[in-house]
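Here's the letter readout for the chains.
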Amino acid sequence: PAESLNEILVGFHCTPKRLEDFRSAVRIDPCHRVQTVESEIQYIESHADISDIISGMLSDGTLPTRVTHNDTKLDNVLFHTETERALCVVDYDTIMPNGSLLYDFGDSIRSIANTAHEDEEDLEKVD
């Protein structure tokens, strides 16, 4: 049951907290890169007003909380070697009780739409 699970990555999908952390990193600029990514920073800031939509809907009950995998990607699906049919989902270390199906859906789209592995270092391979 969901009640037996813990939130192991506190605030993992809390976009307002992520935005706050992002702004702090921009202010501190520990790697001195802010000047080279100003258009990306502006893009994020121009969409800041929507950062709390999902968390707000979870808080007020408009969107139901669900047990979520939180690392939904093709690499975490075990496939049959001969039929190539999906057998099961693996990698359960990030399962938490208080998420939204939108988190897993978004993560799966990010994985499926990516043209390279998520840890690809050669950005020329990423469309």
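Scroll up a little and you will see the structure.
Just so you know, these numbers come straight off a predicted model, no measurement behind them.

Thresholds, definitions, all that
- Note that residues are indexed from 1 along each chain, following the sequence as it is written.
- Since the coordinates come from a predicted model, pLDDT governs what is reported: local features require at least 70, and pairs of side-chain atoms require 80 or more to be given and counted, while whole-chain, interface and lining totals use all residues.
- With hydrogens and water stripped out, all remaining heavy atoms of the structure feed into the side-chain values.
- Numbering of helices and strands runs from the N terminus; a helix is a DSSP stretch of H or I covering at least four residues, while a strand is a stretch of E covering at least two.
- As defined in this context, the radius of gyration uses C-alpha atoms, and a globule is described by 2.2 Å times the residue total to the power 0.38.
- Each residue's exposure class comes from its accessible area (1.4 Å probe, protein chains only) as a fraction of the maximum for that residue type: buried when under 20%, exposed when over 50%, partly exposed otherwise.
- Computed with the Shrake-Rupley method and a 1.4 Å probe, the accessible areas treat only the protein chains shown as cover for residues.
- Charge counting follows a simple rule: Lys and Arg are positive, Asp and Glu are negative, and His as well as the terminal groups are ignored.
- Throughout, a charge is located at the NZ atom of Lys, the CZ atom of Arg, the CG atom of Asp or the CD atom of Glu.
- Any two residues having at least one pair of non-hydrogen atoms within 4.5 Å are treated as being in contact.
- Centre distance within 6.5 Å is the pairing criterion for rings of Phe, Tyr and Trp, where only the six-membered ring of Trp is used; planes under 30 degrees apart are then read as stacked, over 60 as edge-to-face, and the remainder as tilted.
- A ring is scored as having a charge over it whenever the NZ atom of a lysine or the CZ atom of an arginine sits within 6 Å of its centre and within 35 degrees of its normal.
- Patches here are clusters of residues that have more than 30% relative accessible area and form no salt bridge, with a 9 Å joining cutoff for like charges and a 5 Å cutoff for nonpolar side chains (Val, Leu, Ile, Met, Phe, Trp, Tyr).
- We define a salt bridge as a side-chain nitrogen of Lys or Arg found within 4 Å of a carboxyl oxygen belonging to Asp or Glu.

1. Description of the overall build of the chain
The secondary structure content of the chain amounts to four helices and four strands. Whereas a compact globule of 127 residues would reach a radius of gyration of roughly 14 Å, the chain reaches 18 Å, over 25% beyond that. Here the chain, with 127 residues, has 20% of them falling under the buried criterion. Element-wise, carbon and sulfur atoms account for 56% of the exposed surface of the chain, whose accessible area totals about 9600 Å². Positive and negative side-chain charges in the chain, numbering 10 and 26 respectively, have mean positions lying 3 Å apart.

2. Some thoughts on the environment of R23
Checked against the element boundaries, R23 lands in helix α1 (residues 15–28). Residue R23 is classed as partly exposed on the basis of its relative accessible area, which comes to 32%. Taking the C-alpha atoms as reference points, R23 and I44, 21 residues apart in sequence, are found 9.9 Å from one another. Residues contacting R23, with those up to four places away along its chain left out, are E45 and A48.

3. Focus: the packing of aromatic side chains
All chains considered together, the criterion is met by zero aromatic pairs. Here the basic side chain of R18 rests over the ring of F12, its NZ or CZ set 5.1 Å away from the ring centre.

4. Here's the deal with a nonpolar patch on the surface
Taken together, the side chains of L74, F79 and I112 present a nonpolar region at the surface, about 290 Å² in accessible area. Among the secondary structure elements, I112 is positioned in helix α4 (residues 101–113). Residue classification places I112 among the exposed residues on the basis of a relative accessible area of 54%.

5. Points about the pattern of salt bridges
A side chain of one charge can pair with a side chain of the opposite charge when the charged atoms of the two come close. Counted under the stated rule, the structure contains six salt bridges. For D71, the salt bridge is made with K73, and the minimal N-O distance between the two is 3.6 Å. Taking the relative accessible area as the measure of exposure, K73 reaches 14% and is therefore buried. One continuous salt-bridge network, built from bridges that share partners, spans D71, K73, D107, R110 and E118.

6. Some remarks on unusual backbone geometry
In the Ramachandran plot, H32 falls in the positive-phi region, its phi being about 55° despite a non-glycine side chain. Counting through the fold element by element, H32 comes out in the loop between α1 and α2 (38–46). Judged by relative accessible area, which is 66%, H32 ranks as exposed. If you check the backbone angles, D91 has positive phi at about 65° while not being a glycine. If you trace the backbone, D91 turns up in the loop between β3 (86–89) and β4 (96–99).

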